[in-house]
Amino acid sequence: MNCQVMNTSSPSPSSSSSSRNPIHNSPLLLRRTVCYSLSHKTDRCSGVQIGGCHKTLHLPRNCCVARWSDAKRPLRYPPQASLVASESKGVSSIPIVGEEKIGVLLLNLGGPETLDDVQPFLFNLFADPDIIRLPRLFRFLQKPLAQFISVLRAPKSKEGYASIGGGSPLRKITDAQAEELRKSLWAKNVPAKVYVGMRYWHPFTEEAIEQIKKDGITKLVVLPLYPQFSISTSGSSLRLLESIFREDEYLVNMEHTVIPSWYQREGYIKSMADLTEKELQTFDNPEKVVIFFSAHGVPLAYVEEAGDPYKAEMEECVDLIMEELEKRKITNPYTLAYQSRVGPVEWLKPYTDETIIDLGRKGVKSLLAVPISFVSEHIETLEEIDVEYKELALKSGIEKWGRVPALGCEQTFISDLADAVIESLPYVGAMAVSNLEARQSLVPLGSVEELLATYDSQRRELPPPVTFWEWGWTKSAETWNGRAAMLAVLVLLVLEVTTGEGFLHQWGVLPLFR
């Protein structure tokens, strides 16, 4: 693996964009141009083509990677020139060779289908070491802690799921996406079978793998339904796959490849732009609406310490969508923020709730929310965005609120996913190829093992938000107080588990733990 490189951003906005700024006294964004290697050191790219397991890009010589940077103000303005990150090719004539049986495995988070499923679903979520990383000394408490947290959070979570109909629609939507993808592949002369594997609820990834084995699949394309790669989403699912593959002789010999992210594909970008353009037209004055991209957050340490590319990919994704809208003469101001943070550690900023309040304070009256990291409706779109954030926006002075729906089974999106699968087929089983730069496909390719070796390969213990003690009413003091409290909770859980006579057992809080 030589180098992980982000697509180039577009040129900086010109000063003429300020006329479209409802907060026109704020300075425009500036760009900071840097090049990234896997070690995050500044570097120059000398070749015409830059490749890696993450993505393959075609860039000019002496290229640089441009990224937006502005810590003071979140609003941005569409670029004045466009850069198409990928184009779908006419690949429907690719033949299926011999007796090969092709499968596509869609990976997703999963969600509780009934209120009774909520607590065990949360347990599965928090028992994942890629979601909560305990210090090495306390890793044996991963499951007891997951049980404790899931029991505490279940009542509140049940309220949320009850408000959207009593369960998550994620499985139903993902099954529909799988069926539409299968139809699209067959229409393109690729008779593949499509499987769904959820990380934390049925159908579990293990269940999908068992069916893949029963069907005798010989070539497998792994396609996480997360547009942008993150250690905590795609990475967690791939770690699970890696452990399953290593323990099964059939799977060890089955050829596979992975499409770890696809946010830069033309079909996805155009589909997102189509839905955004359509929703803008529901406002009385579409040109005055601020487009508000809200992405699921991840802990900051994942990006800064473990090499998670999620933030860079998310920023690039937003820029590409705005480039597409610019082609359609849509030049609305826009911003990106991160939602769904939990716990005391610092997450990616700006936070969605704080940004909404800030926009209201600055006089924004119309806001269109775009759930940029989700392709299916679920609790975080239907309850967190549609209910909580909408209510917060109205309280903050924003008078008109809209929300772009998740992609679901939008035809352009599904067809482009099918093209991505087809483009990857010539490279299934090519994991032994060392010269990844020689690959010509427009989709990022690699095996499960390659991808996990690229990002967070050592699974290092992530650093705490504050590493030293400070006296007084400070963030450091609060952090250390929190650590002391957590240590006390862990000790309590050990006593509960080892003796079975503590007050948690007496109250029936841990009746399921063995």
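Just so it is clear, the model here is predicted, and its values are computed rather than measured. (Residues numbered from 1 in each chain as written. Predicted model: local features only at pLDDT ≥ 70, side-chain atom pairs only at ≥ 80, totals over all residues. Heavy atoms only, no water.)

Chemist: Would you take a moment to explain unusual backbone geometry for this structure?
Modeler: Excluding glycine, most residues fall at negative phi; most peptide bonds, likewise, are trans. In the segment running from His202 into Pro203, the intervening peptide bond is cis, with an omega of -10 degrees. The omega torsion across Lys349 and Pro350 is 5 degrees, close enough to zero to call that bond cis. Summarising the element assignment, Pro350 is placed in the loop between strand 10 (334-339) and helix 10 (352-361). Even without being a glycine, Asn189 presents a positive backbone phi close to 70 degrees. The phi dihedral of Lys329 falls on the positive side, at around 65 degrees, and the residue is not glycine. Structurally, the position occupied by Lys329 is in the loop between helix 9 (310-327) and strand 10. (Helix = DSSP H or I, 4+ residues; strand = E, 2+ residues; numbered from the N terminus.)

Chemist: Would you take a moment to explain the packing of helix 10 against helix 11 (residues 379-395) for this structure?
Modeler: When two helices pack together, their arrangement is given by the angle between their axes and by how far apart the axes lie. Running from N to C, helix 10 and helix 11 point in directions that differ by 25 degrees, and their axes come no closer than 8 Å. The angle between the axes of helix 10 and helix 11 places the two elements in the roughly parallel class. As for how helix 10 packs across helix 11, the hand of that crossing is right-handed. Residues Thr352, Asp353, Ile356 and Ile357 of helix 10 touch helix 11, and the partners they reach there are Tyr389, Leu392 and Ala393. Broken down by class, the residue content of the contact of helix 10 with helix 11 amounts to five nonpolar, one polar and one charged. (Axes fitted to C-alpha atoms, helices over the stretch in contact; angles between N-to-C directions. Parallel < 35°, antiparallel > 145°, perpendicular 65-115°, else oblique. Left-handed = near helix turned anticlockwise from the far one by under 90°. Contact = heavy atoms within 4.5 Å. Nonpolar A, V, L, I, M, F, W, Y, C, P; charged D, E, K, R; others polar.)

Chemist: Where do I start with the sheet that holds strand 5 (residues 102-108) in this structure?
Modeler: Strands pair in a sheet through their backbones, by hydrogen bonds, and they do so in one of two ways: parallel or antiparallel. The parallel open sheet is built from four strands, whose spatial order is 6-5-7-8. The open sheet has two edge strands with one neighbour each: strand 6 (193-198) and strand 8 (255-258). Direction aside, neighbouring strands of the sheet carry axes that sit 25 degrees apart on average. The pairing of strand 7 (residues 219-224) with strand 8 spans four bridges and is classified as parallel. Bridging across to strand 8, Leu220 finds its partner in His256. Taken strand by strand, helix 4 (residues 205-214) contacts strand 5, strand 6 and strand 7, and its axis lies near 155 degrees from that of strand 6. (Pairing = 2+ DSSP bridges.)

Chemist: Got a minute to help me understand the pairing of strand 6 in this structure?
Modeler: For a regular strand, the rule is simple: side chains alternate between the two faces of the sheet. With respect to burial, strand 6 is a largely interior element, five of its six residues being buried. Here six bridges tie strand 5 to strand 6, and the two strands are oriented parallel to one another. Looking at the pairing, Leu107 lines up with Gly197 of strand 6. (Buried < 20%, exposed > 50% of the residue type's maximum accessible area, 1.4 Å probe, protein only.)

Chemist: Any chance you could explain the confidence of the model for the protein chain here in plain terms?
Modeler: In low-pLDDT segments, the atomic positions of the prediction should not be examined closely. A residue-level look at the protein chain finds 64% of positions with pLDDT of 70 or above and a mean pLDDT of 75. Low pLDDT, under 50, characterises residues 79-97; the stretch is placed with 51 contacts to residues that sit more than four places away or in other chains. Within the model, the stretch residues 430-444 combines pLDDT values under 50 with 43 contacts to residues more than four positions away or in other chains. (pLDDT = per-residue confidence, 0-100.)

Chemist: For this particular structure, what's the right way to read the sheet that holds strand 10?
Modeler: Spatial strand order, 10-9-11-12: four strands in an open sheet with parallel pairing. Every other strand in the sheet has two partners, leaving strand 10 and strand 12 (400-403) as the edge strands with one partner each. Across the sheet, the mean angle separating the axes of adjacent strands is 25 degrees when strand polarity is ignored. Where strand 11 (residues 366-371) lies against strand 12, four bridges are found, and the strand directions are parallel. Directly across from Leu368, in strand 12, lies its bridge partner Gly402. In this fold helix 7 (residues 266-280) packs onto strand 9 (290-296), strand 11 and strand 12, with an angle of close to 155 degrees to the strand it touches most, strand 11.

Chemist: Explanation requested: the nonpolar core in the structure shown.
Modeler: A general trend in soluble globular proteins is that nonpolar side chains are found buried together. In this structure, Val104, Leu181, Leu185, Leu223, Tyr268, Phe293 and Ile372 are the most contacted members of the largest nonpolar core, which totals 60 residues. Per element, the largest residue contribution to this core is eight residues, and it comes from helix 9. Once you skip the residues sitting within four places of it in the chain, Leu223 turns out to touch Val104, Leu105, Leu106, Leu107, Leu181, Ile259, Trp262, Leu417 and Val421. By size, the runner-up hydrophobic cluster in this structure holds 19 residues, among which are Phe121, Leu122, Leu134 and Tyr200. (Core = buried A, V, L, I, M, F, W, Y, C linked by side-chain atoms within 4.5 Å.)

Chemist: Teacher, can you tell me more about the packing of aromatic side chains here?
Modeler: Both the distance between ring centres and the angle between the ring planes are used here to describe each pair of aromatic rings. Tallying each qualifying case throughout the model produces five aromatic pairs. Ring geometry for Trp262 and Phe413: centres 5.7 Å apart, planes at 40 degrees, overall tilted. Remark: Phe413 occurs in helix 12 (residues 411-424) and Trp262 occurs in the loop between strand 8 and helix 7; sequence separation between them is 151 residues. With 6.3 Å between their ring centres and 90 degrees between their planes, Phe293 and Tyr334 make a pair best called edge-to-face. You can see Phe293 sitting in strand 9 and its partner Tyr334 sitting in strand 10, a full 41 residues away along the chain. Accessibility assignment for this pair places Phe293 and Tyr334 in one class, buried. The rings of Trp262, Tyr268 and Phe413 are connected pair by pair, giving a single aromatic cluster. (Phe/Tyr/Trp six-rings, centres within 6.5 Å; stacked < 30°, edge-to-face > 60°.)

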